[in-house]
Amino acid sequence: MEFSIKSTPPAQAKSGCAVVGIFESRKLSAAAAALDRAAKGYLKSIVERGDMEGKLGATLLLHSVPNVACERVLLVGLGAEAEFRDKQYHEAIAAAIRTLNATGATEASLHLTELASVKRDLKWRVAHAVQVALEVVYRFDTMKSKPEGAQSALRRLTLSVGDKAGLRLASGGLELGLAVAHGMSLTKDLGNLPSNVCTPSYIAEQARELARHYRMKVTVLEREDMEKLGMGALLSVARGSAQPPKLIVLEHRGGARSQKPVALVGKGITFDTGGISLKPAPEMDEMKFDMCGAASVLGTLKAAGEMRLAMNVVGIIPTTENMPGGRATKPGDIVSTMSGQTVEILNTDAEGRLILCDALTYAERFEPAAVIDIATLTGACVIALGHVASGLFASDDALAKELLAAGEMAYDRAWHLPLWDDYQEQLKSNFADFANVGGRPAGSVTAACFLARFSKKFRWAHLDIAGTAWKSGKEKGATGRPVPLLTQFLLNRAGRK
Ligand code: BES
Ligand code: MN
Ligand code: ZN
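**Student:** Is there a simple way to think about the coordination of the manganese ion (ligand 2) in this case?
**Tutor:** Protein coordination of the manganese ion (ligand 2) is provided by D272 (OD), D349 (O), D349 (OD) and E351 (OE), with donor distances spanning 2.0 to 2.2 Å. Metal-centred angles of 69 to 167 degrees between the six donor atoms at the manganese ion (ligand 2) mark the site as irregular. Along the chain, the residues that donate to the manganese ion (ligand 2) are spaced as D-x76-D-x1-E. Between the manganese ion (ligand 2) and the zinc ion (ligand 3), a separation of 3.2 Å is found, and both are coordinated by D272. Here D272, found in strand 11 (residues 268-272), pairs with E351, found in the loop between strand 14 (342-345) and helix 10 (352-363); they are 79 residues apart in sequence, far enough to count as distant. No difference in accessibility class separates D272 from E351, as the two residues are buried.

**Student:** Just to check I follow, could you spell out the coordination of the zinc ion (ligand 3) for this structure?
**Tutor:** Any two of four tetrahedral donors ideally make an angle of 109.5 degrees at the metal, while pairs among six octahedral donors ideally make 90 or 180 degrees. Donor atoms from the polypeptide that bind the zinc ion (ligand 3) are K267 (NZ), D272 (OD), D290 (OD) and E351 (OE), placed at 2.0 to 2.4 Å. Its six donor atoms give the zinc ion (ligand 3) angles of 78 to 173 degrees at the centre, a pattern that matches the octahedral case. Mapped onto the polypeptide sequence, the residues donating to the zinc ion (ligand 3) form the spacing pattern K-x4-D-x17-D-x60-E.

**Student:** Looking at this structure, how should I read the site of ligand 1?
**Tutor:** Around ligand 1 lies a shell of 16 residues, among which D272, K279, D349, E351 and G379 are the nearest. Between an oxygen atom of ligand 1 and a side-chain N or O atom of D349, the distance comes to 2.8 Å. Across the complex, the protein chains shield 77% of the 510 Å² of accessible surface that ligand 1 would expose by itself. When grouped by side-chain class, the residues that make up the shell around ligand 1 number five nonpolar, four polar and seven charged.

**Student:** Can you walk me through the sheet that holds strand 13 (residues 333-336) in this structure?
**Tutor:** Hydrogen bonding along the main chain pairs the strands of a sheet, whether they run parallel or antiparallel. Spatial strand order, 13-14-18: three strands in an open sheet with mixed pairing. Across the chains shown, the open sheet's two edge strands, defined by having one partner strand only, are strand 13 and strand 18 (434-435). Judged from the four bridges that link them, strand 13 and strand 14 form a sheet pairing that is antiparallel. Residue pairing in the sheet places S336 in a bridge with T342 of strand 14.

**Student:** What is the right way to look at the pattern of salt bridges in this model?
**Tutor:** Pairing between side chains becomes possible if they bear opposite charge and their charged atoms approach one another. The final tally for this structure, using the stated rule, is 24 salt bridges. Residue D333 pairs with K330 through a salt bridge whose shortest N-O separation is 3.6 Å. Residue class for K330 comes out partly exposed when judged on its relative accessible area of 47%. A single salt-bridge network, built from bridges that share partners, covers E205, R208, E209 and R212.

**Student:** For this particular structure, what's the right way to read the pairing of strand 19 (residues 460-464)?
**Tutor:** Regular strands have side chains that alternate between both faces of the sheet. Of all five residues that make up strand 19, five are buried, and the element is covered over most of its length. Neither face of strand 19 is left uncovered, since the one carrying W460, H462 and D464 and the one carrying A461 and L463 both have all their residues buried. Where strand 15 (residues 370-375) meets strand 19, five bridges bridge the pair, whose relative direction is parallel. Paired with A375 across the bridge in strand 19 is D464.

**Student:** Honestly, the nonpolar core in this entry has me stumped. Any pointers?
**Tutor:** If you look at soluble globular proteins, the nonpolar side chains tend to sit buried side by side. L264, L298, I372, I374, L403, L463 and F489 are the most contacted members of the largest nonpolar core, which totals 60 residues. In terms of residue count, helix 9 (residues 292-306) provides more of this core than any other element does, eight residues in total. In this structure, L403 is in contact with I372, L392, A461, L485 and F489, ignoring residues within four places of it in sequence. V314, L427, F434 and F454 belong to the second largest nonpolar core, which has 48 residues in total.

Criteria and thresholds
Counting restarts for each chain, with residues numbered from 1 along the sequence as it is written. Each chain gets a letter, beginning with A, and each ligand a number, beginning with 1, in the order they are written. Restriction of local features to residues with pLDDT of at least 70 applies here, the model being predicted, together with a cutoff of 80 or more for giving and counting side-chain atom pairs; totals for whole chains, interfaces and linings are based on all residues. Working from all heavy atoms in the structure, the side-chain values ignore hydrogens and water. Here the coordinating atoms are restricted to nitrogen, oxygen and sulfur within 2.8 Å of the metal centre, or 3.2 Å for Na, K and Ca, and because water is not among them the sites may look incomplete. Metal sites are grouped by the angles between bound donors: all angles between 85 and 135 degrees with four donors is tetrahedral, opposite donors over 155 degrees apart with the others between 65 and 115 is square planar for four donors and octahedral for six, and any other pattern is irregular. Helix and strand definitions follow DSSP, with helices as H or I runs of at least four residues and strands as E runs of at least two, each counted in order from the N terminus. Only protein chains enter the accessibility calculation, which uses a 1.4 Å probe. A residue is then buried if its area is under 20% of the maximum for its type, exposed if over 50%, and partly exposed in between. It suffices for a single heavy atom of a residue to lie within 4 Å of a molecule or strand for the residue to be listed as near it. We define a polar contact as two N or O atoms separated by no more than 3.5 Å, with the added condition that, inside protein, one atom must be a possible hydrogen donor and the other a possible acceptor, whereas residues neighbouring each other in sequence contribute only through side-chain atom pairs. The accessible surface values rely on the Shrake-Rupley method and a 1.4 Å probe; as for residues, cover is taken only from the protein chains in view. As a working rule, the residues Ala, Val, Leu, Ile, Met, Phe, Trp, Tyr, Cys and Pro are called nonpolar, Asp, Glu, Lys and Arg charged, and the rest polar, with Gly in that last group. Here, any two strands with at least 2 DSSP bridges between them count as paired. We define a salt bridge as a side-chain nitrogen of Lys or Arg found within 4 Å of a carboxyl oxygen belonging to Asp or Glu. To define a nonpolar core, start from buried Ala, Val, Leu, Ile, Met, Phe, Trp, Tyr and Cys residues and group those joined through side-chain atoms within 4.5 Å. Should any heavy atoms of two residues lie within 4.5 Å, those residues are counted as being in contact.

In structure tokens form, the structure reads like this:
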């Protein structure tokens with residue numbers, strides 16, 4: 001889809017369809033009121049008849065509205081004006097794009113971007129309109145033998161800004177929205193691919209592709225390299241798999257040579273069977289999404305590359321399958337990590353922390369300004385926070401605050417959970433330095449506590465995205481989260497100096 005920005009009033013816009021909003025209790029938005037004035041009260045008469053009451057997400061398509069340049073007008077319900085926030089803005093735009101597609105419109109001018117009621121600036125409104133539009137038309141059909149259903153008809157979308165003064169702000173929003181949307185789209189594609197295609201080697205190839213395209217530096221460590229480094233935990237997870245594990249390092253160098261990078265560490269389990277602690281069969285297919293942390297690191301680096309982000313970012317991706325087998329790690333086995341600490345693997349299904357701990361130790365060599373790991377780490381996090389917020393843990397309160405703020409800003413929110421030492425007791429082992437599981441209580445916290453033991457040499461935060469990285473059920477598919485949060489976090493940091 002192509003986007004452009006214009007400040008043409010709705011009645012003069014010569015697009016296929018002008019999209020304007022109606023608030024609940026039949027209140028016309030400013031753009032709708034302008035159209036209505038040109039049309040001599042035509043919209044008002046329709047609204048007053050009760051054909052469009054302004055319920056959030058409701059749509060009504062009108063043809064040949066008098067004195068209006070475009071062929072059609074799409075009215076979109078916005079709900080109550082006093083309650084119009086991020087969520088409602090997203091839903092209204094999604095409803096508009098869906099309807100435009102269904103009606104076969106090839107171009108439209110969207111005047112919902114003018115809605116200041118959402119209490120976000122124009123840059124935000126434009127960026128999010130772009131993100132939502134691309135989200136709605138996103139399809140994953142590369143695995144179908146023939147493309148399914150109609151491709152999106154909508155080709156060109158004009159984002160309207162109230163007046164010329166807004167054009168600069170809006171074009172910044174367009175650039176940001178496109179970068180984030182393209183990053184999310186890569187993250188979704190990788191997540192949605194089945195594990196027989198999206199293997200550790202495939203992810204490594206994707207990282208190489210990104211490096212070529214955006215002139216980043218890429219390094220892929222093989223099993224032998226990891227053996228030399230003493231990554232016994234990561235390698236213990238790979239033991240049952242026929243696919244070779246990889247440790248991928250992708251470096252975006254947009255800042256000064258002396259600037260310490262932010263490191264993003266993403267869990268890349270391309271399929272999680274649980275290993276010898278085998279998972280039950282129902283919904284096990286969804287464990288192909290267990291590499292969404294890794295995919296979000298690549299998506300965020302893509303966004304950084306697209307925006308030519310002026311700072312240093314290093315992505316570190318430990319990736320392997322977690323399979324049972326004759327050579328697989330067994331409950332009770334003890335491994336030695338790159339940090340030198342030993343771990344008793346009481347449950348082979350708690351494998352994410354095992355690959356992440358060695359990747360975190362590896363991150364030390366970059367002398368990072370901060371390290372953030374992103375992982376579909378615990379089912380317990382889904383129980384705690386559902387599918388709305390990602391779980392956030394941090395050894396540094398300032399870093400936690402930065403991430404929470406970035407999540408709010410990007411409408412990709414996280415919620416701060418505790419990382420107190422009191423929980424560390426649950427990881428006690430009679431045979432090794434500590435165990436890889438801490439029992440059922442506070443499962444997300446003890447998982448984070450495990451990672452904290454490998455993150456003492458830098459400022460560190462952990463995002464548990466088990467509930468937010470993908471959707472189940474009829475709309476099963478990767479969401480592209482938390483690319484918006486991470487990109488906003490990097491942008492905020494880049495602008496700080
Ligand atoms: N990848 C899973 C976490 C997961 C499960 C995410 C379900 C989303 C939905 C992770 O590797 C795992 O299996 N965690 C275990 C940990 C337990 C053994 C301590 C879990 O959550 O059950
Ligand atoms: Mn697991
Ligand atoms: Zn897992």
